Amino acid sequence: MFAISKNKEYNNAYVTILRRKGVNFILEGLRKHTKDIDFKPLGITLLSILFLGTVTFIKYKPVYTVTVSGEALGYVNSKEELNKNLNDYINHREGTIASIEIANMPEYKLELVGRKQATQEKRILEKIEDSSVITYKTYAITVNGEKVNEVNTQIEAESIVSNLQSDLKEGVEFNLGIAEVLSTEQNGISQDSAFEVLNGMKLAKTQEYEAEQARLEQERIARERAARLEQSRRAAIAAAQVGSYGSGNIGGMNLSYPLRTSPLITSRFGEYGSRRYMHTGLDLATQMGTAIYPIASGTVIFAGWDGSYGNKVVVDHGNGVQSWYAHCNSINVGVGTEVTTDTCIAAVGSTGNSTGPHLHLEIRINGSAVNPQNYLY
Ligand SMILES: [Zn+2]
């Protein structure tokens, strides 16, 4: 448009155009120098551009229109600065960020706006932040496979686990692990809080374990006791079977059992046990005070205290056969008393060298102790 032709008519027409535009001061100059006007208008043109540029620069400023998802959010002075702020926003979140998904990144368009036009950096940043989806990565500590709580970093999680394992009692079922958790919520708690919770669980588990061990020990003791009782019961049945036969004979003399209860044989003839000397009788344990009857009729030849035998009764059955009844609680007969198998001669006791109520029965043939179980079945 500002290219000037050498053609005079054309130039006149151009002058007309300029006049119309009101640039009157140029006209005279143009009329006087129609023959050599080649360069002057060009300078004027450049001056005009400079002038317009200056006016533009004074009145306007370049800004970026920020558009997100087709919505114009406003202006920013610098897109670098907005990007930097966005990065700061991403980098200064608490916890470990797995990802930040910003639905739509802003688009920028350079524009000239009035110098007084405000920019909206803060509002635009907030809008972009609001539309972003943050995925946090936390580290859950698992106990026996179940997630208990989460901390923000793997280092914290590992530190907690190693602390808890350091003095973990063997046998306590407290298996620790670490699991990564991705969530849009920030669930990580502080290392101290997480440790406190887990340590509480560990103590509870330890107590539970110790209680269980104590219970098992009690059970074991109870089982042993039950086994001993069962053993005693079987022995009592065996003894009762002995008692139930209750008879026999020595050289044709009928014998009867000295007790009417089912005693427990606690020591047999000839056993040494803890005594270190030979046991000369048969120990029949039964309740204190149980009536004692002679194994056959005869005459009482001893009734009274005899050292380790305690209260003792000796019945002579003739033919060199005697029966001895020791550790009696009380004696009902005296020397010379004639007795039958129905005579209650004494009561079971624990006198002399005895650890509990029982009848020590001895059978002597010609002065020698024999095994009563050879004759009493
Ligand atoms: Zn004995």
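Here the structure is a predicted model, which means the values were calculated and not measured. (Residues numbered from 1 in each chain as written. Predicted model: local features only at pLDDT ≥ 70, side-chain atom pairs only at ≥ 80, totals over all residues.)

Observations concerning the overall build of the protein
The cut-off we apply is this: Secondary structure elements are defined from DSSP: runs of H or I of at least 4 residues count as helices, runs of E of at least 2 residues count as strands, and each element is numbered from the N terminus. Once C-beta atoms have been placed from the backbone, residue pairs whose C-beta atoms lie within 7 Å are recorded as contacts.
Counting its regular elements, the protein contains seven helices and 20 strands. The long-range share in the protein, meaning contacts at least 24 apart out of those at least 6 apart in sequence, stands at 66%.

Section: the pairing of strand β5 (residues 132–143)
Rules: By definition, two strands form a pair when at least two bridges between them are found by DSSP.
Sheet topology places strand β3 (residues 96–102) next to β5; six bridges connect them, and they run antiparallel. Following the sheet pairing, serine 99 is matched in β5 by threonine 135. With eight bridges connecting them, β5 and strand β7 (residues 176–183) associate as antiparallel partners. In the sheet register, valine 143 faces β7, and the bridge partner there is leucine 176. The pairing of β5 with strand β6 (residues 146–151) spans five bridges and is antiparallel. Paired with alanine 140 across the strands is glutamate 150, a residue of β6. In this antiparallel pair of consecutive strands, β5 and β6, the connection spans two residues, and asparagine 144 shows a positive phi of 50°.

Quick look at the nonpolar core
Applicable threshold: To count as a nonpolar core, a set of buried Ala, Val, Leu, Ile, Met, Phe, Trp, Tyr and Cys residues must be joined through C-beta atoms within 7 Å. We call a residue exposed when 12 or fewer other C-beta atoms sit within 10 Å of its C-beta, buried when the count reaches 20 or more, and partly exposed for counts in between; the C-beta positions come from the backbone.
In this structure, Ile292, Val313, Tyr325, Cys328 and Ala346 are the most contacted members of the largest nonpolar core, which totals 21 residues. Leave out the neighbours within four places in its chain, and alanine 346 touches Ile292, Asn311, Val313, Tyr325, Cys328, Ser330, Ile331 and Asn332.

A word on the sheet that holds strand β1 (residues 60–68)
The line we're drawing: To get an axis, a line is fitted to the C-alpha atoms, and for a helix only the part in contact is used. The angle between two axes follows their N-to-C directions and goes from 0 to 180 degrees.
With respect to topology, three strands assemble into an open sheet ordered β2-β1-β4, the strand pairing being antiparallel. Every other strand in the sheet has two partners, leaving β2 (71–76) and β4 (107–114) as the edge strands with one partner each. Adjacent strand axes in the sheet meet at a mean angle of 35°, parallel and antiparallel pairs treated alike. Bridge count between β1 and β4: eight bridges; the pairing is antiparallel. Among the inter-strand pairings, valine 63 is bridged to a residue of β4, identified as glutamate 111. Strands in contact with helix α5 (residues 121–130) are β1 and β2; relative to β2, the strand with the most contacts, it is inclined by about 140°.

Considerations on the sheet that holds strand β18 (residues 346–347)
Read from one edge of the open sheet, three strands run β12-β18-β16, paired in antiparallel fashion. Either end of the sheet is taken by a strand with one partner, and the two such strands are β12 (291–292) and β16 (330–331). As paired strands, β12 and β18 are joined by two bridges and run antiparallel to one another. Opposite alanine 291, over in β18, you have alanine 347 as the bridge partner.

Structural notes on unusual backbone geometry
Phi at asparagine 144 is positive, roughly 50°, even though this residue is not glycine. Within the fold, asparagine 144 resides in the loop between β5 and β6.

What to know about helix α6 (residues 154–166)
Our working definition: Helices are assigned an expected span. That span is 1.5 Å times one less than the residue count. The arc refers to the directions leading from the helix axis to the C-beta atoms.
Over its 13 residues, α6 runs 18 Å from end to end, which matches the ideal 18 Å to within 8%, given 1.5 Å per residue. Those residues of α6 not exposed but buried are Glu156, Ala157 and Ile160. Seen end-on, α6 carries its buried residues on one side only, within an arc spanning 100°. The exposed set on the far side of α6, more than 90 degrees from its buried face, consists of Ile155, Ser162, Gln165 and Ser166.

Some thoughts on the confidence of the model for the protein
Rule in force here: The pLDDT value tells you how sure the predictor is about a given residue, anywhere from 0 up to 100.
Overall, the predicted model of the protein reaches an average pLDDT of 82, with 83% of residues at or above 70. The low-confidence segment residues 1–25 (pLDDT under 50) makes 18 contacts with residues lying over four places distant or belonging to another chain. Across residues 241–246, confidence stays below pLDDT 50; counting only partners more than four residues off in sequence or on other chains, it has nine contacts.

As for helix α3 (residues 40–59)
End to end, α3 covers 29 Å across 20 residues, agreeing with the expected 28 Å (1.5 Å per residue, within 8%). Counted residue by residue, α3 has one buried out of 20 residues, so it is predominantly exposed.

A short note on the environment of glutamate 156
By the element assignment, glutamate 156 lies in helix α6. For glutamate 156, a count of 21 C-beta atoms within 10 Å gives the class buried. For the pair glutamate 156 and aspartate 192, spaced 36 residues apart in sequence, the C-alpha separation works out to 9.4 Å. Glutamate 156 has contacts with Val151 and Gln191, leaving out every residue within four places of it along the chain.

What to know about the packing of helix α4 (residues 79–91) against α5
The condition is simple: In these notes the angle categories are as follows: under 35 degrees is roughly parallel, over 145 is roughly antiparallel, 65 to 115 is roughly perpendicular, and the rest is oblique. The crossing is said to be left-handed when, going from far helix to near helix, the turn is anticlockwise and less than a right angle, and right-handed when the turn is clockwise. Note on residue classes: Ala, Val, Leu, Ile, Met, Phe, Trp, Tyr, Cys and Pro are nonpolar, Asp, Glu, Lys and Arg are charged, and everything else, Gly too, is polar.
Following both chains from N to C, one finds α4 and α5 inclined at 45°, their axes separated by 11 Å at the closest point. Considered as vectors, α4 and α5 are oriented oblique to each other. As α4 runs across α5, the sense of the crossing is right-handed. For the pair α4 and α5, contact is made by Leu82, Asn85, Leu86 and Tyr89 and by Glu121, Ile124, Leu125, Ile128 and Glu129, respectively. Split into classes, the residues belonging to the contact of α4 with α5 amount to six nonpolar, one polar and two charged.

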